[in-house]
Amino acid sequence: MQIHHDIPALRAALQGRGPIAFVPTMGNLHDGHLALVRQARAAVGPQGLVVASIFVNRLQFAPHEDFDRYPRTLARDAELLDGAGCDWVFAPDEAAMYPEPQGYKVHPPAELADILEGHFRPGFFVGVCTVVAKLFNIVQPQVAVFGKKDYQQLMVIRRMVAQMALPIEILAGETERSPQGLALSSRNGYLSETQKQQALLLSRTLKQLIARWQAGERDLAVLEEDAMQALRHAGWQPDYVTLRRQHDLGEARDGEPLVALGAARLGATRLIDNLEA
Ligand code: PAF
């Protein structure tokens, strides 16, 4: 497996290669990422090229967030990617990705990007869209794979690709979970063993919210507040727990595919999860 650190060398090596399937990551990989790599391989077949990027993108972190302590584990990540069938890794440093302050940015529409995660992490999706658009320009993949674990991110990227007419097919990877149901996340590494047990409550709360909706309860404000209370009682600090339409995360309505989404802080760690209804 080749590891490239700079853009011109990667571009030269990519000349005439393809089809390319791309998996962008921030590293500190787990089985969820490796499942995306396998999905990328299945999409382009044995003759295609699977490229993963590893870049902790400062633009999507607010000043109080965990940019500095986000684990940088390139050697281990490279081994895992190799084992999962990745061909090339693009692991630029900050000077390669942002040789000058990134003044040109991609601003996604407020109705999709300033709600939920975007409401609690202002500017987050500007950072994500800017780096993903830049990575797409560098790697020029035909296919890119994003996990449903970051459901809103997947929707924001899908809409960006559609509106900008980028010739890239966006594939959605299912969320990988521990046998007990905890969604795999790089941030689980911040949790103690006790907190890992407690963390199961987030997906259980989402399940309960869906169950009540499916049983016919329609007062969403009550359903959402009950879900937040359940988390608060167990010592969490929830940002939101909500039921939305899948395709644009608008208000939940009967007869449309729905998704329950939640974000909450357990101790110092902020976790997100979602379940499609
Ligand atoms: O999902 C992530 O790991 C990041 O948001 C991404 C898509 C790699 C952009 O930095």
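Residues numbered from 1 in each chain as written. Predicted model: local features only at pLDDT ≥ 70, side-chain atom pairs only at ≥ 80, totals over all residues. Heavy atoms only, no water.

Trainee: Where do I start with the environment of K207 in this structure?
Mentor: Structurally, K207 can be placed in helix α10 (residues 200-214). A residue is classified by how much of its surface remains accessible, and K207, at 55% relative accessible area, is exposed. Sequence spacing of K207 and Y151 is 56 residues, and the spatial spacing of their C-alpha atoms is 16 Å. (Helix = DSSP H or I, 4+ residues; strand = E, 2+ residues; numbered from the N terminus. Buried < 20%, exposed > 50% of the residue type's maximum accessible area, 1.4 Å probe, protein only.)

Trainee: Any chance you could explain helix α11 (residues 220-233) here in plain terms?
Mentor: Structurally, the α-helix is built with 3.6 residues per turn, so residues lying three or four positions apart point the same way. Helix length check: α11 (14 residues) gives 20 Å between terminal C-alpha atoms against 20 Å at 1.5 Å per residue, within 8%. Of the residues making up α11, those classed as buried are L220, L223, A227, M228 and L231. The arc that holds every buried residue of α11, seen down its axis, measures 130°, which confines them to one face. In α11, the exposed positions that point more than 90 degrees away from the buried face belong to A221 and H233. The inward-facing, buried residues of α11 abut α10, β7 (237-245) and β8 (258-266). A positive phi of about 95° marks G235, the residue just after α11. (Expected span 1.5 Å × (residues − 1). Arc of directions from axis to C-beta. Contact = heavy atoms within 4.5 Å.)

Trainee: Explain the sheet that holds strand β4 (residues 88-90) here, please?
Mentor: In sheet architecture, strand pairing relies on hydrogen bonds along the backbone and comes in two forms, parallel and antiparallel. Strand order in the open sheet made by the six strands is β1-β4-β3-β2-β5-β6, with parallel pairing throughout. Only two strands of the sheet have a single partner each, and these edge strands are β1 (2-4) and β6 (169-173). For this sheet the average axis-to-axis angle between neighbouring strands, irrespective of direction, equals 25°. Two strands pair when backbone bridges link them, and strand β5 (residues 143-147) and β6 are joined in this way by five bridges, in the parallel orientation. (Pairing = 2+ DSSP bridges. Axes fitted to C-alpha atoms, helices over the stretch in contact; angles between N-to-C directions.)

Trainee: Honestly, the site of the ligand in this entry has me stumped. Any pointers?
Mentor: Near the ligand you find P24, T25, M26, N57, Q60, V128, V131, V132, F146, D150 and Q153, and these make up its full shell. Within the contact set of the ligand, an oxygen atom lies 2.7 Å away from a side-chain nitrogen or oxygen of Q60. In the environment of the ligand, an oxygen atom lies 2.7 Å from a nitrogen or oxygen atom belonging to the side chain of Q153. Starting from 290 Å² of accessible surface for the ligand in isolation, the protein chains cover 89%. (Near = heavy atom within 4 Å. Polar contact = N/O pair within 3.5 Å; in protein donor to acceptor, adjacent residues only side chain to side chain. Areas by Shrake-Rupley, 256 points an atom, 1.4 Å probe, with all protein chains shown as cover.)

Trainee: Would you explain unusual backbone geometry in this entry?
Mentor: With the exception of glycine, most residues fall at negative phi, and the peptide bonds are largely trans. Cis geometry is found at the peptide bond from G18 to P19, where omega equals -5°. Here P19 lies in the loop between α1 (7-14) and β2 (20-25). Here L116, not a glycine, exhibits a phi torsion of approximately 50°, which is positive. Within the secondary structure, L116 sits in the loop between α5 (110-113) and α6 (117-120).

By themselves, these observations are geometric and do not establish any function.
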